[in-house]
Amino acid sequence: MFNYYNPVNIIFGANTFAKVSKVLENKKYIIITHNEEYFNQYSNQLLQSSNPPIKIFNQVLPNPDYLDLLKLINQFSSCDEKIDSIVAIGGGSVIDSAKVLAAFKSNKKLLINFVREKKIPQIDNPLDIIAVPTTSGTSSELTCWATIWDKEKNNKLSLTDKSLYPKKAIIDPLIMIDKPLGLTIATGLDALSHSMESIWNINANPVSASHAIQASRLVLDNLLLLSKDLRNIELRTNIALACVHAGLAFSNTKTAIAHNLSYPITLNYGIQHGIACSFTLPIITKSMIGIDKIAEKRLKLIFNDNLNDASSKLSEFMASLEVPLNLKEIKVPVQKWNNIVDDAFLGERGKNFIGNKEAFISSAKSMGLY
Ligand SMILES: NC(=O)c1ccc[n+]([C@@H]2O[C@H](COP(=O)([O-])OP(=O)(O)OC[C@H]3O[C@@H](n4cnc5c(N)ncnc54)[C@H](O)[C@@H]3O)[C@@H](O)[C@H]2O)c1
Ligand SMILES: [Fe+2]
């Protein structure tokens, strides 16, 4: 028996951004985005439509911090009109900020209680979210959780509620055409990590796994080519599609050990999320050999039936994208790393992992992580 669920209406394809104003007919909405020229062009299109936004909040910064989210809630509470929808135009940071606002609206006490008192909020009637992703990485447009960073307390939280799935995800690969190289690689690897993490996962099921296999293959077949041809719309579309499959996979399983290892590396060593959550993938892949027949079969479908070579193939793929693959390159001291590993295996996402710490450590040593 298994149970698969994802309620997001996906509207996918080049020029689908043009459909946003149709979706918003008769809605009272705000826009959440970044204050950058690139994003303003999209907000401006909606400003000029027959039903413009009530307000635009464009102060979102990457990796939304608790204090900035409090400010966002404050600003929202000054809206005089009753709002029913949020249009989020941006990557995971913008879409996650939209989820926090959708959940808490003007009530900053709920956010304070959640982040600082660890009180799980009762989320009543959240605002509708129309997500327009611009990064092809996090798949936040297809999940019901938001990452909140509490930099002051060196912490990271996940706000999760079934009511926080966006109503619609409008995925237009043309919006991603100007993504710079570093962001393209990091977000593409984030999608790869989500899909592989949903395979070595206690929550995996046949539907999530089939999306995960599709997603992984699409990233492996297209990301390197895209890194050499950034404005190629066909490759951008394939990576955007990979991200859809990855989202449909891990929205049902959550992530696992690679993500739990990544959070302190992002918080304490400033490594971009997509790199931090993917540099361990070859090691984890190797550590999975002999652990679980079903997961092995699924991993084999990604790597042309050869699991023994999979970890070195994956290392080669990542090396060709010039991402750091060892502790020296990511500048994490070995002692700190050992603590990160211990904590990660004990954490919630670590417990989703069907492998084990001993096999992980032995595979890390044999693959030259230290
Ligand atoms: N909710 C989820 O399901 C989920 C899953 C994984 C990660 N996350 C979170 O998402 C955040 C990371 O999101 P992200 O990787 O999408 O990056 P991001 O949203 O943080 O964006 C990174 C930078 O890229 C720029 N950018 C975005 N789109 C662009 C475009 N099309 N062209 C040029 N520049 C562009 C932005 O201005 C920003 O400065 C992290 O906080 C992470 O924890 C959420
Ligand atoms: Fe991620």
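Residues numbered from 1 in each chain as written. Chains lettered and ligands numbered in written order. Predicted model: local features only at pLDDT ≥ 70, side-chain atom pairs only at ≥ 80, totals over all residues. Heavy atoms only, no water.

Right, let's get into the packing of aromatic side chains. Note on aromatic pairs: each is described by the distance of the centres and the angle between the planes. Tallying each qualifying case throughout the model produces 12 aromatic pairs. Between the aromatic rings of Y38 and Y42, the centroid separation amounts to 6.0 Å while the plane-to-plane angle is 65 degrees, which identifies the pairing as edge-to-face. In this pair, Y38 and Y42 both sit in helix α2 (residues 37-47), 4 residues apart, roughly one turn of the helix. Given a relative accessible area of 22%, Y38 falls into the partly exposed group. Using a relative accessible area of 9% as the deciding quantity, one classes Y42 as buried. Members of the aromatic cluster, each reached through a chain of ring pairs, are W200, F279, W337, F345, F353 and F360. The lysine or arginine in question, K254, covers the ring of W145, its NZ or CZ lying 5.7 Å from the ring centre. (Phe/Tyr/Trp six-rings, centres within 6.5 Å; stacked < 30°, edge-to-face > 60°. Helix = DSSP H or I, 4+ residues; strand = E, 2+ residues; numbered from the N terminus. Buried < 20%, exposed > 50% of the residue type's maximum accessible area, 1.4 Å probe, protein only. Lys NZ or Arg CZ within 6 Å of the ring centre and 35° of its normal.)

The subject of this paragraph is the packing of helix α3 (residues 66-77) against helix α4 (residues 92-104). Running from N to C, α3 and α4 point in directions that differ by 50 degrees, and their axes come no closer than 10 Å. As the angle between them shows, α3 and α4 are arranged oblique. Regarding α3 and α4, the two cross each other, and that crossing is right-handed. On α4, the residues touching L69, L72, I73 and F76 of α3 are S97, V100, L101 and F104. Residues belonging to the contact of α3 with α4 are distributed by class as follows: 7 nonpolar, 1 polar and no charged. (Axes fitted to C-alpha atoms, helices over the stretch in contact; angles between N-to-C directions. Parallel < 35°, antiparallel > 145°, perpendicular 65-115°, else oblique. Left-handed = near helix turned anticlockwise from the far one by under 90°. Contact = heavy atoms within 4.5 Å. Nonpolar A, V, L, I, M, F, W, Y, C, P; charged D, E, K, R; others polar.)

Most of the time, phi is negative for any residue but glycine, and the peptide bond is trans. Its identity as a non-glycine residue notwithstanding, N26 has a phi of 65 degrees, on the positive side. Tracing the backbone shows N26 in the loop between α1 (20-23) and β2 (29-32). Accessibility expressed as a relative area gives 76% for N26, which makes it exposed. The phi dihedral of S139 falls on the positive side, at around 60 degrees, and the residue is not glycine. With respect to the secondary-structure elements, S139 resides in the loop between β5 (128-133) and β6 (145-150).

Split into domains, the chain comes out as domain 1 (9-175) and domain 2 (179-366). With 24 residues of domain 1 at the contact, the number on the domain 2 side is 26 residues. Of the roughly 2,100 Å² buried where domain 1 meets domain 2, counting both sides, 69% is carbon and sulfur surface. It is S136, W145 and W149 in domain 1 that bury the most area against domain 2; as a group they hold 25% of the surface buried on that side. (Domains from an automatic or database assignment. Buried area = accessible area lost by both parts, 1.4 Å probe.)

So, on to the sheet that holds strand β4 (residues 85-90). Taken in spatial order, the 6 strands line up as β1-β8-β5-β4-β2-β3 in an open sheet, and their pairing is parallel. If you trace the sheet from one side to the other, it starts and ends with β1 (9-12) and β3 (55-57), each paired once. With direction set aside, neighbouring strand axes in the sheet form an average angle of 20 degrees. Summarising the sheet, β5 and strand β8 (residues 168-171) pair through 2 bridges and their orientation is parallel. In the sheet register, A131 faces β8, and the bridge partner there is A169. Set on the sheet, α4 makes contact with β2, β4 and β5; between it and β4 the angle comes to about 165 degrees. Along the sheet, helix α8 (residues 233-250) contacts β1 and β8; its crossing angle with β1, the most-contacted strand, is approximately 170 degrees. (Pairing = 2+ DSSP bridges.)

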